[in-house]
Number of protein chains: 2
Amino acid sequence: MNRMTRTFTDVGVGIKHVAAAAGVSTATVSRVLSGGSVSPALKERVEAAVRATGYRPNLSARRLRSKHSRTIGLIVSDIRNPFFTALSRSVEDVAFRADMRVILCNTDENPEREAMYLRLMEEERVTGMIIAPTRQTADRIERLSFDFPVVLVDRTGPLGTHDAVVIDNLRATRQLIEHLVDLGHRRIGGIFGNTSSTAVERHEGYAAAMRNAGLTPEARFAAPTIAGAATELAGWLAEPDHPRAFIASNGLLLLGMVKAVRAAGLTIPGDVTLAGFDNELWTELIGSGLSVIEQPIDEIGQSAMSLLFDRLERPDAPPRKMVLSGRLIERDASDPIEAAIPASPP
Amino acid sequence: MNRMTRTFTDVGVGIKHVAAAAGVSTATVSRVLSGGSVSPALKERVEAAVRATGYRPNLSARRLRSKHSRTIGLIVSDIRNPFFTALSRSVEDVAFRADMRVILCNTDENPEREAMYLRLMEEERVTGMIIAPTRQTADRIERLSFDFPVVLVDRTGPLGTHDAVVIDNLRATRQLIEHLVDLGHRRIGGIFGNTSSTAVERHEGYAAAMRNAGLTPEARFAAPTIAGAATELAGWLAEPDHPRAFIASNGLLLLGMVKAVRAAGLTIPGDVTLAGFDNELWTELIGSGLSVIEQPIDEIGQSAMSLLFDRLERPDAPPRKMVLSGRLIERDASDPIEAAIPASPP
DNA sequence: TGTCAAGATGTAATCGTTTTCTTAGCGCCC
DNA sequence: GGGCGCTAAGAAAACGATTACATCTTGACA
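Read on for a plain summary of the structure. (Residues numbered from 1 in each chain as written. Chains lettered and ligands numbered in written order. Predicted model: local features only at pLDDT ≥ 70, side-chain atom pairs only at ≥ 80, totals over all residues. Heavy atoms only, no water.)

1. Overview of the protein's contact with DNA strand C
- Residues in contact with DNA strand C amount to 26 residues; listed here are only the nearest, A:Thr28, A:Ser39, A:Arg65, B:Ile15 and B:Ser30.
- For DNA strand C, the fraction of atoms within 4 Å of the protein that belong to sugar or phosphate moieties is 59%.
- Contacts to DNA strand C include A:Arg65, whose side-chain N or O atom sits 2.5 Å from a base oxygen.
- Here a phosphate oxygen of DNA strand C sits 3.0 Å away from a polar atom, N or O, in the side chain of A:Lys67.
- When residues of the surface near DNA strand C are traced back to their parent elements, those giving at least two are helix H2 (26-33) and helix H4 (59-66) of chain A together with helix H2 (26-33) and helix H4 (59-66) of chain B. (Near = heavy atom within 4 Å. Polar contact = N/O pair within 3.5 Å; in protein donor to acceptor, adjacent residues only side chain to side chain. Helix = DSSP H or I, 4+ residues; strand = E, 2+ residues; numbered from the N terminus.)

If you want it as structure tokens, here you go:
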């Protein structure tokens, strides 16, 4: 026990040692461990030997032989985005309960990193992969064929080759716009991410809803980060005739917008009303003037895992796209600024 | 290519196919792939064969034979806590650059889950493990010996058997208290988590700093969650003679406290001043009356990985404890309430 | 009582790599 | 020109489990 030199080169006990200790064959040990049929007597002896030797099965060997990795690859584009954090937690939780592990891959919206991680998934022979890809990579993935189920989350490609879980972005954006219109806003700017299909859809929903209401869309695009949105909105607010309401295509952008508003010395909802996606904890703190679409993140993660498991059982079933819906959380500016003012063209 | 039935049972090409395609032995292929010495001619042929066959090395087989898993186990207690999110990102980033993968383990401060994940780390034969354990598990870990380096982050045990990266909690808490005292506060309550060594240290620092200033500590403990702190503080605020300043031992608790204050119809910094740990993005939004200790999270993650790599090279060096320091970010209540009022015993 | 099926156990092949060992070839030096 | 060392390459062992297959025991049933 008190080795004077540690070496970290595993010289641990293997299944052979256990077998020897229990006086049985390795096959029997294996069967005890994986629930094969063995007599109670032997089973007990083996279990005792396992305890006595402190045996830990070597998962690499097990995987190599059994061809089951019991591993889920989770590839997210920005783990600092609370949406993906919550998603990770949800996926990890399901995996844990299914006795599977999760390899965490963070790509920072970088297609090169995505590509490397895709390759890793193949080399790991993962049981399945859950990924929120950039637009670029989504296209690639849809053209590629994998030896394991792939589930796209939050983001999809145009082809729909793989299973997917998304929310109804068009509907959600429409709700958001209608809400702002109800409040009396006529000019509503939008800042959207420039890397994801989700941002694209939300932009489309925004544009459609605006036109539907007889209003003119004013959209700008930014890197999907706090700083990206803050810079973009700061510039916008510096323009003489800027809108008094804005929406953002995700929580990070929304926070960036709040910061920009504050930095410009303006108040919410006094000067500016905001709205956007993700019911992040801090949004509640703003109090009024910041309505959001809450996404059912836990359900997204759980659904993704379900789709994945289903797919393992029916590899040839047609791909399923699961569309969940967001929930509008109204945190109104009680006294909207432009309520009485007629709409003016940009 | 257009298989009519997908099966997900890997029948992929192995190193043998590549070897055959290139007209060489598997040993040569292996050497090409891992940078052994082969003639340029063969090397080229092998690389062509790899490309042509779409060969993906089987990592399980590789690990089994080579005994290097190139895998880091990361065990955090609550991935939804932005501190751990940032830590994960940092660790993942270093791992990625070192061509290693990260297994994500979230324990929800649950010792049973921690135990299962510890076992998993052994079975995975990880290269190393980075863990933020509960107090209970920290004690266990310190008594246990592992076949791989273990680095404790954020939290430690009393024995110091393993490498660790922490911040100077006593100093940080002292800074926090001194700052509040400078602002004129005499009664400062504290809410601390009840699962981590970190919370304990911060409580000790708090108590010491208070006594040092001739003040009476008033500490309470709660589950380290938003709800935990919110409930605790709500009750506290309902008491007739409660403090007007509070500190929290982490960001989650701090947010819970903000919510409780708001829910009680009180204002920050008007009625209550808060302070605590973790410079989370939302804290800035409060503006005034909420000072925080910013932790160098990226550096913590990077240092943990460094300690781990160092340990691999010198297994027998004495354990190192790396103590980083937090930075006080003052967001003052400019006009502290009790400034002119003499201290009153609780 | 003999046959057969079913269940328990052991033997040995196997998974896909890396690595050790061997051999072949080549240049160098005395 | 023979011995020596060095490098490139292949053959085969090894990694540690699972599992196909063979063997043996036992009980049921005709």
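2. A word on the environment of A:Glu239
- By the secondary structure assignment, A:Glu239 is in the loop between helix H10 (226-238) and strand S8 (245-248).
- Residue A:Glu239 is classed as partly exposed on the basis of its relative accessible area, which comes to 30%. (Buried < 20%, exposed > 50% of the residue type's maximum accessible area, 1.4 Å probe, protein only.)

3. Considerations on the interface of chain B and chain A
- Taken together, the 60 residues of chain B in the interface contact 60 residues of chain A.
- Taken together, both faces of the contact between chain B and chain A bury some 6100 Å²; the carbon and sulfur share is 55%.
- The interface formed by chain B and chain A includes 14 salt bridges.
- With a closest N to O distance of 2.7 Å, B:Arg63 and A:Glu124 form a salt bridge.
- If you look at where chain B meets chain A, you find 28 residue pairs in polar contact (both at pLDDT 80 or more).
- Element by element, the count of residues in the side of chain B that touches chain A is highest for helix H6 (residues 111-124) of chain B, at eight residues. (Contact = heavy atoms within 4.5 Å. Buried area = accessible area lost by both parts, 1.4 Å probe. Salt bridge = Lys/Arg side-chain N within 4 Å of Asp/Glu carboxyl O.)

4. Concerning H4(A)
- All of the buried residues in H4(A) are A:Leu59, A:Ser60 and A:Arg63. Take H4(A) and look down its axis: the buried residues cluster within an arc of 100°, on one side only.
- Buried residues along H4(A) sit against strand S1 (71-76) and strand S2 (101-106) of chain A together with H4 and H6 of chain B.
- For H4(A), the N-terminal cap is A:Asn58; the gap from its side-chain oxygen to the backbone nitrogen of A:Ser60 is 2.8 Å.
- Among the residues trailing H4(A), A:Lys67 stands out with phi positive, at a value near 65°. (Arc of directions from axis to C-beta.)

5. Here we look at the protein's contact with DNA strand D
- Taken together, 25 residues sit near DNA strand D, with A:Ile15, A:Ser30, B:Thr28, B:Ser39 and B:Arg65 positioned nearest.
- Atoms of DNA strand D within 4 Å of the protein belong to the sugar or the phosphate in 65% of instances, the rest to bases.
- In this structure, A:Ile15 approaches DNA strand D through a main-chain N or O atom, which is 2.3 Å from a phosphate oxygen.
- Interatomic distance of 2.7 Å between a side-chain N/O atom of A:Arg65 and a base oxygen of DNA strand D.
- Breaking the surface near DNA strand D down by element, the ones donating at least two residues are H2 and H4 of chain A together with H2 and H4 of chain B.
- Of the residues forming the surface near DNA strand D, the biggest block, four residues, is contributed by H4(A).
- Residues belonging to the surface near DNA strand D are distributed by class as follows: 11 nonpolar, eight polar and six charged. (Nonpolar A, V, L, I, M, F, W, Y, C, P; charged D, E, K, R; others polar.)

6. Focus: the pattern of salt bridges
- One pass over the full model with this rule turns up 40 salt bridges over all chains.
- Between A:Glu122 and B:Arg56 there is a salt bridge, with its nearest N and O atoms 2.7 Å apart. Here the residue A:Glu122 occupies a position in helix H6 (residues 111-124), and B:Arg56 occupies one in the loop between helix H3 (40-53) and H4, the pair thus bridging two chains.
- Across the pair B:Asp154 and B:Arg155 runs a salt bridge, and its minimum N-O distance is 3.4 Å. Summarising the burial analysis for this pair, B:Asp154 and B:Arg155 share the class buried.
- A single network of salt bridges, built from pairs that share partners, joins A:Arg63, A:Arg70, A:Asp99, A:Arg101 and B:Glu124.

7. Some thoughts on the side chain of A:Ser60
- With respect to the helices, strands and loops of the structure, A:Ser60 is situated in helix H4.
- Residue classification places A:Ser60 among the buried positions, given a relative accessible area of 6%.
- In this structure, A:Ser60 is in contact with B:Ser60, B:Arg63 and B:Leu64, ignoring residues within four places of it in sequence.

8. Observations concerning the sheet that holds S8(A)
Residue and element names in this part refer to chain A.
- If you walk across this open sheet you meet the six strands as S7-S6-S8-S9-S10-S12, and the pairing is mixed. Of all the strands in the sheet, the pair left with one neighbour each is strand S7 (218-222) and strand S12 (327-329). Pairwise comparison of adjacent strand axes, ignoring direction, gives a mean angle of 20° for this sheet.
- Here strand S9 (residues 273-277) runs beside strand S10 (residues 290-294); their pairing, made up of four bridges, is parallel. Bridging from a neighbouring strand, alanine 275 pairs with serine 291 of S10.
- Helix-sheet contacts for H10 involve strand S6 (188-193), S7 and S8, and the interaxial angle to S7 is about 140°.
- Sheet contacts for helix H11 (residues 251-263): S6, S8, S9 and S10; angle to S9, the most-contacted strand, approximately 165°. (Pairing = 2+ DSSP bridges. Axes fitted to C-alpha atoms, helices over the stretch in contact; angles between N-to-C directions.)

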